[in-house]
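# Residue-level structural notes
The residues making up each chain are set out below.
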Amino acid sequence: MNTSTSKNPPKIVVTGRIPEGGLDLLRSAGDVWAWSGDDPAPRDVVRDQLADAKAVVTLLSDQVDDDFLDAAPNARVVANVAVGYNNVDVDACTARGVRVTNTPGVLTEATADLAIGLLLASTRRLGEGERLIRSGAEWKWGMFMMLGTGLQGRQLGIVGMGEIGTATATRARAFGMDIVYHNRSAASAEVEQRLEARRLPLDDLLAGSDVVSLHCPYTAETHHLIDADALASMKSSAYLVNTARGPIVEEAALVDALGDGAIAGAALDVYEHEPDVHPGLLDLDNVVLAPHLGSATVETRTAMAELAARNVVAVLRGDDPPTPVN
Ligand code: GLV
């Protein structure tokens, strides 16, 4: 059934601005109410729209909790436009018979590209260099100026060897890095052979890696996975890259570790209390800070919106969504 031609097209609420391709698909399936501001919609504005919504398209800045779901008693699907869905209470959705979907796959390459960009920016001190030039201070080339760390033969420890972790490791191999990883289950034999990757307990990975890159989901188990003890166990020459979720790292402990030289540097795309950034990080030269840009390419954001829309269309038709969470 094409729901758009039925007499009472289902209402679809889109809580934030998404690319047109996704909206077009949604419009073919129902009456779309979409917030069009660049900032997230105020929660009470969204709440008012939810009462008769059959489907809700959410962003990672929305908290889909009992309060949100109480306001959406007719919702059949929550389609999160993100691969991470820690902002959605999946158990509460399941208990109410609400399907949850996310957008895996389509943002793998973009996020892995950014992880490598951050890895290079921190190990080669690009942020510091840019700040120096922009400061207008006098400078000249020097044999010992802003020396960084080469990557050839260095060990990259990937925490979370899913699609993005594997794509990041694949790129790092091209830079001559050796790959170790920590994951609940072993990667496929194909991946282990292709990347010559070894699976290690987290402690061993942290103690031996020159760069640690986080790619695990944020859950109760991974909250502050990288805490003061974990940071203290890393090499003082090591770098930390986080393109996953902020609260996986205890940000205050990271500020201390960067400040007292317990690790050499870090590069962050995500923050514990996003969008707030620990003020201590702003004062440090050995950390590169990006504003959650992992999937921020035109192609990727379009693909994410379209995949979220296809999930909605499928559920409204009574079909299984392409990328279900529950
Ligand atoms: C971005 O952070 C995502 O989870 O898609």
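Residues numbered from 1 in each chain as written. Predicted model: local features only at pLDDT ≥ 70, side-chain atom pairs only at ≥ 80, totals over all residues. Heavy atoms only, no water.

### A few points about the nonpolar core
With 30 residues, the main nonpolar core has Leu214, Leu231, Leu240, Leu254 and Leu281 as its most contacted residues. No other element matches helix α11 (residues 251–259), which puts five residues into this core. Aside from chain neighbours lying at most four places away, what touches leucine 254 is Leu231, Leu240, Val249, Ile263, Ala266, Leu268 and Leu281. Counting residues in hydrophobic clusters, the runner-up holds 23 residues, among them Leu118, Ala121, Leu156 and Ala197. (Core = buried A, V, L, I, M, F, W, Y, C linked by side-chain atoms within 4.5 Å. Buried < 20%, exposed > 50% of the residue type's maximum accessible area, 1.4 Å probe, protein only. Helix = DSSP H or I, 4+ residues; strand = E, 2+ residues; numbered from the N terminus. Contact = heavy atoms within 4.5 Å.)

### Topic: the sheet that holds strand β3 (residues 53–58)
Spatially, the five strands line up as an open sheet ordered β2-β1-β3-β4-β5, and their pairing is parallel. Across the chains shown, the open sheet's two edge strands, defined by having one partner strand only, are β2 (31–34) and β5 (99–101). Direction aside, neighbouring strands of the sheet carry axes that sit 15° apart on average. (Pairing = 2+ DSSP bridges. Axes fitted to C-alpha atoms, helices over the stretch in contact; angles between N-to-C directions.)

### Focus on the side chain of serine 213
As for its placement among the helices and strands, serine 213 is situated in strand β9 (residues 211–214). Not counting the four nearest positions on each side in its chain, serine 213 is found in contact with Ala115, Leu156, Gly157, Ile158, Val159, Thr168 and Val241.

### Considerations on the sheet that holds strand β8 (residues 198–199)
If you walk across this open sheet you meet the seven strands as β8-β7-β6-β9-β10-β11-β12, and the pairing is parallel. This sheet does not close on itself; its edge strands, each paired only once, are β8 and β12 (287–289). Contacting β6 (155–159), β9, β10 (239–242), β11 (265–268) and β12, helix α5 (residues 108–123) crosses the sheet at an angle of about 150° to β10. Here helix α7 (residues 163–174) sits on the sheet and contacts β6, β7 (178–182) and β9; the angle it forms with β6, its principal contact strand, is near 170°.

### Points about the packing of helix α1 (residues 20–27) against helix α13 (residues 298–317)
In contact at an axis separation of 7 Å, α1 and α13 are set at 15° when each is read in the N-to-C sense. In terms of orientation, α1 lies roughly parallel with respect to α13. Of the two elements, α1 crosses α13, and the hand of that crossing is right-handed. Between α1 and α13, the contacting residues are Gly21, Gly22, Leu25 and Leu26 on the first element and Ala305, Glu306, Ala309, Arg310, Val312 and Val313 on the second. (Parallel < 35°, antiparallel > 145°, perpendicular 65-115°, else oblique. Left-handed = near helix turned anticlockwise from the far one by under 90°.)

### Focus: α5
For α5, built from 16 residues, the straight-helix expectation of 22 Å at 1.5 Å per residue is met to within 8% by its first-to-last C-alpha distance of 23 Å. Of the positions making up α5, those classed as buried are Thr108, Ala110, Thr111, Ala112, Ala115, Ile116, Leu118, Leu119, Ala121, Ser122 and Thr123. Where α5 ends, the next residue or the one after it, arginine 125, has phi of about 60°, a positive value. (Expected span 1.5 Å × (residues − 1).)

### Focus on the site of the ligand
Taken together, the neighbourhood of the ligand is formed by Leu60, Ala82, Val83, Gly84, Leu107, Arg245, His292 and Met304. The separation between an oxygen atom of the ligand and a polar side-chain atom of histidine 292 is 2.7 Å. The fraction of the free accessible surface of the ligand (190 Å²) that becomes covered by protein chains is 90%. Tallied by class, residues from the shell around the ligand come to five nonpolar, two polar and one charged. (Near = heavy atom within 4 Å. Polar contact = N/O pair within 3.5 Å; in protein donor to acceptor, adjacent residues only side chain to side chain. Areas by Shrake-Rupley, 256 points an atom, 1.4 Å probe, with all protein chains shown as cover. Nonpolar A, V, L, I, M, F, W, Y, C, P; charged D, E, K, R; others polar.)

### Notes on the environment of aspartate 113
In this fold, aspartate 113 is placed in helix α5. C-alpha of aspartate 113 to C-alpha of arginine 171: the two residues are 58 residues apart in sequence and 8.0 Å apart in space.

Keep in mind these values describe shape, not function.
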